[in-house]
Every structure is written in structure tokens, then in C-alpha cells.
Amino acid sequence: MRELRTTVTIAFNDVEVEAFADETVMQAARRNDVFIPSLCYVEGLSVWGGCRMCMIEIEEDRRLRPACATPVNPEMEVYTDTPKLRAHRKAILELLFAEGNHVCAVCVSNGNCELQDMAVACGMDHVRYDYRSPRRAVDASHPKYVFDPNRCILCTRCVRVCDEIEGAHVWDVASHGADAVLITDLATPWGDSTSCTWCGKCVAVCPTGSLSYQGTAVGEMEHSVSMISRLAVARSRGEWLDPEAVS
Amino acid sequence: MSKARLATAWLGGCSGCHMSFLDMDEWLFELADLADLVYSPIADVKVFPPDVDITLVEGAVANEDNVELAREIRANSKVVVSFGDCAVTGNVTAMRNPLGDPLGILEAVYVNAPDRNGVIPAEPGIVPPLLPQVQPLHKVIKVDAYLPGCPPPADRIQRAVEALLAGDPSRITGEDIRFG
């Protein structure tokens, strides 16, 4: 069954494209192969708008807007790659690298990391800010998975996928600002969690090496974000339901 | 055209970047036609010389000797390049930073570890004191170009050296700035 949706015309970097009236700028960009960087956005999960990598400029709008949380408007003219945006994105990335302990050379996700890829895409060849070098304990108490908060960028993908797709809500964010940290259950070790179903969706969706499988060595960890998006989109469309039961 | 004066230096790192430099293999002969290596851990030169055109610096700034050499390099080099992840970010060398005071780390390694004789090495003028925190090179001296990688692969180093010899470090871009 084809969905009947109203379409509007918008422009990305002076090129007109067709967008659905009820989608976000990010969704329109992805469908039209316009690259807008992001670290927290995952198709099929709720919008968090926290990483600020997807900021865009809109004609006649003084403020920068996050593409993932900005609805499409008819005739809007979006710019995705201006000098101003490039400068902001680079600065945000540098702050992310300065905030945690991101040591690519010894990371399970070296070579398979969205944060590392983003640094390449945004031309970040060094960090101008002082590194915070926080002391953060690794939680390897789960029999199947490891959580290394040193590599966490608080994108909350794991929180959202666990709550919205798996329905377990093992993960959440505790504390505020620089002290913000992911917790499992009520800040107890992951291995003691009574709500975790061991499904591994949080591991699949993690953009960095923060969540990994037990026993993975440097560069061995590969995530599978597209699998999560596929699950979410299929569910929203009811693709795998028995047609007779649904009717 | 006269030959460029090239130097490489080794601060707080594992020398892997220099191993990768040597991995440029036969291109090193071509490099020898373009530049003189006037200072390097792979050449027997004791004092950093004046009027160096390009210096590749491997390693983070971890101790007082590193600070001293970094300043000498800056004072005598036209272009200073952070060579590899340790110089660029601190990398593995800086993994001690979250643990705080280096004395605690030295005690853990030299005093508490069972196979040691219980003495922290201290030889004024020979064993350099550790800095409280390991720093990337650009926090200590001005750096003109960055070549990430742990280590940077040989072909990446070659492209970077070619760009630097051509006076255009902005060519170090794209995949050539990937960390790790």
C-alpha cells in the first residue's frame, strides 16, 4: 500500500527537491542524498537533537536549526555546508573529543566509528581545547557486553533504542552537565540488571566504541545502526504483521 | 633549488611513527635528493641544529626533557609538524592523565609491582621528571601542521612530506587526517 502524503518543494544548497510536508529537514535530506552530518540521529528512533552536528542555515532565519528537529516548510531554502556551519561543527567535534577519553589507537571501534569518521568529514585534525581527561570506570560486569563511558558522547541512542524498540528502558542518563553519565537500571552494574534482555540493540546502535561485545580487540567492533532503523521503520509500517489479523 | 633541511624528533611516543617513516622504503632515496636529514633519532646528531625548514615531531610532551626539546625545535624550525596521534592528541602517552599525579603511577609500577626493587628511578640530570599532565605538542609550542595516525601509514607520510616540501600543508586533508 502506498502512503498518500502531501509533498512540498524545498531547496538544499540552491537545488530544489521534493519533500514530504510532514517530515523533518533531516529526513528530506537523507531521502535526497544530501549529506548532513549527525551523531545522535537514527532513523526510526525519537529525535534527541542533542549532538548539534546537524545544524543548518535557513534563508531568512537568523538562528541555526538542528535538521533532525526542524519540520519541512514549503519553499524553505536550506544551506547545509556554509563556512559558518563548518566552523561550528568542527568546534563541536573538538569539544566532544576534549570531553571524554577518545583514544582511537586502542579503541575496539577504531576504523568503525562514527565519531572518528566525522572528524575526517569535518576536517578536524587536532583539538584546540584542553582535554578534560575525566576518570571514568569501565563497566564490564555484563556477560555479553562492555560499557566504556570514556568513549561515550551521550548521544542517547542506546537509551532510546532500549526504551522505544526493545521496550526495556535499561539505560538512562544520570546527573547534569559535565557530570552527565549513562546508567543501567538505578545506577547499578549492568551485569546485575534485572531489566536487560541481552538483546544487544544498544550495542548495535552505538556510534563509538562505548558499547561493545565482550572479547573484542582493537578495531574489531562493528556496529549495525541500519539494522535498528530497518526494525523501527518496518514496525511503524506494520510490515511483518499478519494482514488478516490487522484488517 | 637548494635542498630543504628536514628534521624528525622523538618525544613521548613509542617510535612507531619513525618506524612508519622508514616504511617509505625506496621513496627515502628520492627524499634524500630533495632534503637533508639534519636531525633525527635515526641519525647520530646530538644537538638540534639551527635553520631547519621542516621538523616532524613524534610523541606527546610527557616530561621536562620533552618540553626543552620542543622549545629548541620551535626556535630553530620554520615549520613544525605534529607527527602522529601522540603529538596531535596525547594519545596513548596521555592515557595516564585521568589517573592524576604521576607519583601515584610511578609508585604503582616501581614500588608496588612485585617484580621491581621498590625504588622509583631518580637521577637528576639524567632521568627527566614527568609533567603533571601529558600535553599534545600544540599546547606547549606553536604547531604549523598536523599529521594524525597511530602510526600514520607510510604513504600518508609521503604525501604529507611532499605537501610540506611544496610549502602547502593544507594538502594534508581527507582520509590523511584520520586518527587511530
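Residues numbered from 1 in each chain as written. Chains lettered and ligands numbered in written order. Predicted model: local features only at pLDDT ≥ 70, side-chain atom pairs only at ≥ 80, totals over all residues. Heavy atoms only, no water.

### What to know about the interface of chain A and chain B
On the side of chain B, 21 residues touch chain A, which itself brings 23 residues to the contact. The largest share of the area that chain A buries against chain B comes from Val120, Asp125 and His126 of chain A, three residues that together contribute 30% of it. Linking chain A with chain B are two salt bridges, by the criterion used here. Of the charged contacts, one joins Asp130 of chain A and Lys139 of chain B as a salt bridge, the two residues approaching to 2.9 Å between their closest N and O atoms. Looking at the side of chain A that touches chain B, the element that brings in the most residues is helix H3 (residues 114-121) of chain A, giving four residues. (Contact = heavy atoms within 4.5 Å. Buried area = accessible area lost by both parts, 1.4 Å probe. Salt bridge = Lys/Arg side-chain N within 4 Å of Asp/Glu carboxyl O. Helix = DSSP H or I, 4+ residues; strand = E, 2+ residues; numbered from the N terminus.)

### Let's talk about the nonpolar core
Membership of the largest hydrophobic core comes to 40 residues, with the highest contact counts inside it found for Leu39, Leu93, Phe97 and Leu115 of chain A together with Leu137 of chain B. Listing elements by their share of this core, those giving two or more residues are helix H2 (83-99) and H3 of chain A together with strand E1 (4-10), strand E2 (35-39), strand E3 (52-58), helix H3 (64-76) and helix H4 (85-89) of chain B. Two domains each put at least three residues into this core: domain 1 (7-81) and domain 2 (86-246) of chain A. Not counting residues up to four positions away in its chain, the partners in contact with Leu39 of chain A are Cys51, Met53, Leu93, Leu96, Glu114, Leu115, Met118, Ile153, Cys155, Arg157 and Pro207 of chain A. (Core = buried A, V, L, I, M, F, W, Y, C linked by side-chain atoms within 4.5 Å. Buried < 20%, exposed > 50% of the residue type's maximum accessible area, 1.4 Å probe, protein only. Domains from an automatic or database assignment.)

### With respect to the side chain of Asp176 of chain B
Residue and element names in this part refer to chain B. Tracing the sequence through the fold places Asp176 in the segment after helix H6 (154-165). A polar contact of 2.7 Å, which involves the side chain of Asp176, links it to the side chain of Arg159. Filtering out sequence-adjacent residues up to four positions away, Asp176 remains in contact with Leu147, Pro148, Arg156 and Arg159. (Polar contact = N/O pair within 3.5 Å; in protein donor to acceptor, adjacent residues only side chain to side chain.)

### Here we look at the packing of aromatic side chains
Residues and elements named next belong to chain A. Going through the model one piece at a time under the given rule, you end up with six aromatic pairs over all chains. Their ring planes at 25° and their centres at 5.6 Å tell us that Tyr145 and Trp190 sit as a pair that is stacked. Placement of Tyr145 in strand E6 (residues 145-147) and of Trp190 in the loop between strand E8 (181-184) and helix H5 (201-205) is noted, with a sequence separation of 45 residues between them. Residues Tyr145 and Trp190 agree in their burial class; the two are buried. With 5.9 Å between their ring centres and 50° between their planes, Tyr145 and Tyr213 make a pair best called tilted. Placement of the pair is Tyr145 in strand E6 and Tyr213 in strand E9 (residues 211-213), with a sequence separation of 68 residues. Chaining the aromatic ring pairs together yields one cluster made of Tyr145, Phe147, Trp171, Trp190 and Tyr213. Stacked on the ring of Phe20, the Lys or Arg Arg5 has its end atom at 4.0 Å from the ring centre. (Phe/Tyr/Trp six-rings, centres within 6.5 Å; stacked < 30°, edge-to-face > 60°. Lys NZ or Arg CZ within 6 Å of the ring centre and 35° of its normal.)

### Side note on H6 of chain B
All names here are of chain B. The end-to-end C-alpha distance of H6, which contains twelve residues, comes to 16 Å, matching closely the 16 Å that a straight helix rising 1.5 Å per residue would cover. For H6, the full list of buried residues reads Ala154, Arg156, Ile157, Ala160, Val161, Ala163 and Leu164. Where H6 is buried, its residues touch helix H1 (16-22), helix H2 (27-34), E3, strand E5 (77-83) and strand E7 (145-147). (Expected span 1.5 Å × (residues − 1).)

### Some words on the pairing of strand E3 (residues 55-58) of chain A
The pairing of E3 of chain A with strand E4 (residues 65-66) of chain A spans two bridges and is classified as antiparallel. Bridging across to E4 of chain A, Ile56 of chain A finds its partner in Arg65 of chain A. (Pairing = 2+ DSSP bridges.)

### Concerning unusual backbone geometry
Note that the residue after Cys150 of chain B, namely Pro151 of chain B, is joined by a cis bond; omega there is -10°. Look at Asn13 of chain A: it is not a glycine, yet its phi comes out positive at around 50°. As for its placement among the helices and strands, Asn13 of chain A is situated in the loop between strand E1 (7-12) and strand E2 (15-20). The backbone of Ser15 of chain B sits at a positive phi, close to 75°, despite the residue not being glycine. Note on Ser15 of chain B: relative accessible area 13%, which makes it buried.

### Looking at the confidence of the model for chain B
With 99% of its residues at a pLDDT of 70 or more, chain B shows a mean pLDDT of 96. Both scores are available for the predicted complex, with the pTM at 0.94 and the ipTM at 0.94. (pLDDT = per-residue confidence, 0-100.)

### Some points on the sheet that holds strand E5 (residues 77-79) of chain A
Residues and elements named next belong to chain A. Spatially, E2-E1-E5-E3-E4 is the arrangement adopted by the five strands of the open sheet, whose pairing is mixed. Sheet topology places E2 and E4 at the edges, where each strand pairs with a single neighbour. Pairing analysis gives two bridges linking E3 to E5, with the strands arranged antiparallel. From the neighbouring strand, Ile58 faces E5, where its bridge partner is Val78.

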